[in-house]
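# Coordinate analysis (summary)
If you want the building blocks of each chain, they are given just below.
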Amino acid sequence: MHLSLAYRTAESLLTSIPSRWAHSCRVLEQARILAPVLGADAEPVAIAAILHDVGYAASVVDTGQHMIDGARHLSRLGVDPTVCSLVAYHSSSEWEAAELGLSAELATFRRPPSELLDAITYCDLTSGPNGTVLDPVSRLDEVLRRYDADHVVHRAVSAARPALLRMVDRVTKRLADAGRA
Ligand SMILES: [Fe+2]
């Protein structure tokens with residue numbers, strides 16, 4: 001699936017959730033900023049960026065973990081396995097799957113290379129819920145405020161927070177090393 005079709009696919013699934021669509025468009029913009037340091041990986045990361053939250057679309061919800069549901073949907077559409085893996089594992093997915101008892105379902109997708117997982121997570125965590133650019137600490141704080149303390153997302157993001165911030169730091173360093181910070 002090329003980026004233009006990925007964009008239209010995501011748009012058709014997410015425009016009924018305007019904030020998710022605005023957020024997804026920002027995640028794509030962040031992926032475009034990363035493109036110079038990603039080289040040949042820029043294309044799959046950009047495609048995963050615009051598609052990463054399609055699992056929130058009502059027609060796509062299955063297990064209730066949006067990363068897995070989105071990846072399954074895209075896999076059924078024949079989307080490239082690397083893109084499906086990036087969608088499956090982005091951000092706090094591994095922690096959320098553990099909380100939900102869905103680790104085996106997640107493991108049906110191959111864990112993406114760390115550099116690509118860092119990249120999609122960086123793009124997600126620097127994009128606010130309504131499409132603004134946010135620093136990752138504020139972004140994670142916003143997620144923790146949005147979900148009650150006993151909610152699975154709150155627990156997963158609390159546990160994942162240090163690792164997620166390290167992922168963002170690695171990408172920030174790559175950008176700085178490339179003179180693009
Ligand atoms: Fe996201």
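Read on for an overview of the structure. (Residues numbered from 1 in each chain as written. Predicted model: local features only at pLDDT ≥ 70, side-chain atom pairs only at ≥ 80, totals over all residues. Heavy atoms only, no water.)

## Here's the deal with the coordination of the iron ion
- Looking at the iron ion, the protein donor atoms are His 23 (NE2), His 52 (NE2), Asp 53 (OD) and Asp 124 (OD), and they sit 2.1 to 2.7 Å from it.
- One can describe the donor arrangement at the iron ion as irregular, given that its 4 donor atoms subtend angles of 81 to 172 degrees at the metal.
- Read in sequence order, the donor residues for the iron ion give the motif H-x28-H-D-x70-D. Highlighted residues: His 23 in helix 2 (residues 18-38) and His 52 in the loop between helix 3 (42-51) and helix 4 (66-76), separated in sequence by 29 residues. By the burial criterion, His 23 is buried, and His 52 matches it. (Donors = N, O, S within 2.8 Å, 3.2 Å for Na, K, Ca; no water. Tetrahedral: all angles 85-135°; square planar, octahedral: opposite > 155°, others 65-115°. Helix = DSSP H or I, 4+ residues; strand = E, 2+ residues; numbered from the N terminus. Buried < 20%, exposed > 50% of the residue type's maximum accessible area, 1.4 Å probe, protein only.)

## Concerning the nonpolar core
- With 57 residues, the main nonpolar core has Leu 34, Ile 50 and Leu 51 as its most contacted residues.
- For this core, the secondary-structure elements that each account for two or more residues are helix 1 (3-14), helix 2, helix 3, helix 4, helix 5 (81-89), helix 8 (114-125), helix 9 (136-146) and helix 10 (152-177).
- Looking at which element gives the most residues to this core, the answer is helix 10, with 9 residues.
- What Leu 34 contacts, discounting residues up to four positions off in sequence, is Ala 119, Tyr 122, Cys 123, Val 171 and Leu 175. (Core = buried A, V, L, I, M, F, W, Y, C linked by side-chain atoms within 4.5 Å. Contact = heavy atoms within 4.5 Å.)

## Side note on the pattern of salt bridges
- Counted by the stated rule, this structure contains 12 salt bridges.
- Between Asp 141 and Arg 161 there is a salt bridge; the shortest N-O distance is 2.9 Å. One end of the pair, Asp 141, is in helix 9; the other, Arg 161, is in helix 10, with 20 residues separating them in the sequence.
- With a relative accessible area of 29%, Asp 141 lands in the partly exposed category. (Salt bridge = Lys/Arg side-chain N within 4 Å of Asp/Glu carboxyl O.)

## Some remarks on the packing of helix 8 against helix 10
- Interhelical geometry of helix 8 versus helix 10 gives an angle of 100 degrees and a closest axis separation of 8 Å. When the interaxial angle is binned, helix 8 and helix 10 end up roughly perpendicular. Contact residues: helix 8 offers Glu 115, Leu 117, Asp 118, Ala 119, Thr 121, Tyr 122 and Leu 125, while helix 10 offers Leu 164, Met 167, Val 168, Arg 170, Val 171, Thr 172, Arg 174 and Leu 175. (Axes fitted to C-alpha atoms, helices over the stretch in contact; angles between N-to-C directions. Parallel < 35°, antiparallel > 145°, perpendicular 65-115°, else oblique.)

## Here's the deal with helix 9
- For helix 9, the set of buried residues is Pro 136, Arg 139, Leu 140, Glu 142, Val 143 and Leu 144.
- Where helix 9 begins, the capping side chain belongs to Asp 135, and its oxygen is found 3.1 Å from the backbone nitrogen of Val 137. (Polar contact = N/O pair within 3.5 Å; in protein donor to acceptor, adjacent residues only side chain to side chain.)

## Things to note about the packing of aromatic side chains
- Under the defined criterion, the tally for this structure stands at 1 aromatic pair.
- The interplanar angle of 70 degrees and the centroid separation of 5.1 Å between the aromatic rings of Tyr 7 and Trp 21 together place this pair among those described as edge-to-face. Of this pair, Tyr 7 sits in helix 1 while Trp 21 sits in helix 2, and the two are 14 residues apart along the sequence.
- Classification of Tyr 7 by relative accessible area gives partly exposed; the value is 31%.
- Positioned over the ring face of Tyr 56 is Arg 20, at 3.5 Å from the centre of the ring. (Phe/Tyr/Trp six-rings, centres within 6.5 Å; stacked < 30°, edge-to-face > 60°. Lys NZ or Arg CZ within 6 Å of the ring centre and 35° of its normal.)

## Details of the packing of helix 2 against helix 10
- Look at helix 2 against helix 10: their axes get within 10 Å of each other, and the N-to-C directions meet at 65 degrees. Classified by the angle between their axes, helix 2 and helix 10 sit roughly perpendicular to one another. Handedness of the helix 2/helix 10 crossing: left-handed. Facing Ile 33, Leu 34, Val 37 and Leu 38 of helix 2, the residues of helix 10 in contact are Val 171, Arg 174 and Leu 175.
- For the contact of helix 2 with helix 10, the per-class residue count stands at 6 nonpolar, no polar and 1 charged. (Left-handed = near helix turned anticlockwise from the far one by under 90°. Nonpolar A, V, L, I, M, F, W, Y, C, P; charged D, E, K, R; others polar.)

## Comments concerning the environment of Val 54
- Among the structural elements, Val 54 can be located in the loop between helix 3 and helix 4.
- Judged by its relative accessible area of 0%, Val 54 falls in the buried class.
- Leave out the neighbours within four places in its chain, and Val 54 touches Ala 10, Leu 13, Leu 14, Val 60, Gly 70 and Leu 74.

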